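Here is how the chains run, residue by residue.
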Amino acid sequence: MTDQEYLKRAIELSKLSPEPVGCGVVIANKEGVLASSYNTQRADNIAVYHAEIKAIIEANEKTGTRKLESATAYCSCEPCAMCLTALSYAKIERIVYHKRMIDIFPDDPQSQLNPYEFVKGLNFSPSLEQLSD
């Protein structure tokens, strides 16, 4: 599958989310999909149930390892600081996202985060790419 196809799948997953703003993620490597998920933090009453976190857990369980080297996370929206950090800890090499956080939450101070600068301060810096329609 291409980057655009994986990203389209993440966007479709985001529509399954019961949250006010749905987010979907697909984590894949050269063998195919390792995990896919959408956010349910309010529905499950678990603050960290962002799509990225849930997908990392699923991929870790599927692969039997905490490191997801050579993997790409396809995100329907730009990951927040928590999710960027978790993706870095999982050693995911690329993060491809569709919508910017500032476009979704223009008045939220967290949307002012520059993800490209933020990942430079992490122990492992994944590459970030925005793909649009």
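Report follows, based on the coordinates.

This part is about the nonpolar core. Ranked by internal contacts, the top residues of the largest apolar core, which has 28 residues, are Ile27, Ile56 and Ile92. Only strand E1 (24-29), strand E2 (32-38), helix H3 (51-63), strand E3 (72-77), helix H4 (81-89) and strand E4 (94-99) provide two or more residues apiece to this core. Apart from the residues lying within four places of it in its own chain, the contact partners of Ile92 are Ile27, Ile56, Leu68, Ala71, Thr72, Ala73, Leu87, Phe124 and Pro126. If you look at the next biggest cluster of nonpolar residues, it comprises nine residues, including Ala10, Leu13, Val26 and Tyr74.

Next up on the list: helix H1 (residues 3-14). Between its first and last C-alpha, H1 extends 17 Å over twelve residues, near the 16 Å set by a 1.5 Å rise per residue. For H1, the full list of buried residues reads Tyr6, Leu7, Ala10, Leu13 and Ser14. All buried residues of H1 fall inside an arc of 110° around its axis, so they share one side. Where H1 is buried, its residues contact E1, E2, E3 and E4.

The next thing to look at is the packing of aromatic side chains. All told, the structure shown has one aromatic pair when counted by the stated rule. Aromatic side chains Tyr6 and Tyr74 sit 4.9 Å apart centroid to centroid with 25° between the ring planes, which places their arrangement in the stacked category. A residue pair is termed long-range when its members are at least 10 positions apart, and Tyr6 in helix H1 and Tyr74 in strand E3 qualify at 68 residues. Take Tyr74: its relative accessible area is 4%, and that puts it in the buried class.

Cut-offs and rules
Starting afresh in each chain, residues are numbered from 1 along the sequence in its written order. In keeping with the predicted nature of the model, local features appear solely for residues at pLDDT of at least 70, side-chain atom pairs appear and are counted solely at 80 or more, and the whole-chain, interface and lining totals rest on all residues. To get the side-chain values, take all heavy atoms of the structure and skip hydrogens and water. By nonpolar core is meant a set of buried Ala, Val, Leu, Ile, Met, Phe, Trp, Tyr and Cys residues that side-chain atoms within 4.5 Å join together. Relative accessibility thresholds used throughout: buried, under 20% of the residue-type maximum; exposed, over 50%; partly exposed, between the two (1.4 Å probe, protein chains only). Runs of H or I in DSSP of at least four residues are treated as helices and runs of E of at least two as strands, each being numbered from the N terminus. Every residue pair with non-hydrogen atoms within 4.5 Å of one another is taken to be in contact. Expected span, for any helix, means 1.5 Å times one less than how many residues it has. The reported arc concerns the directions from the helix axis to the C-beta atoms and nothing else. When two rings of Phe, Tyr or Trp (its six-membered ring) have centres within 6.5 Å they constitute a pair, described as stacked for plane angles under 30 degrees, edge-to-face for angles over 60, and tilted for the intermediate range.

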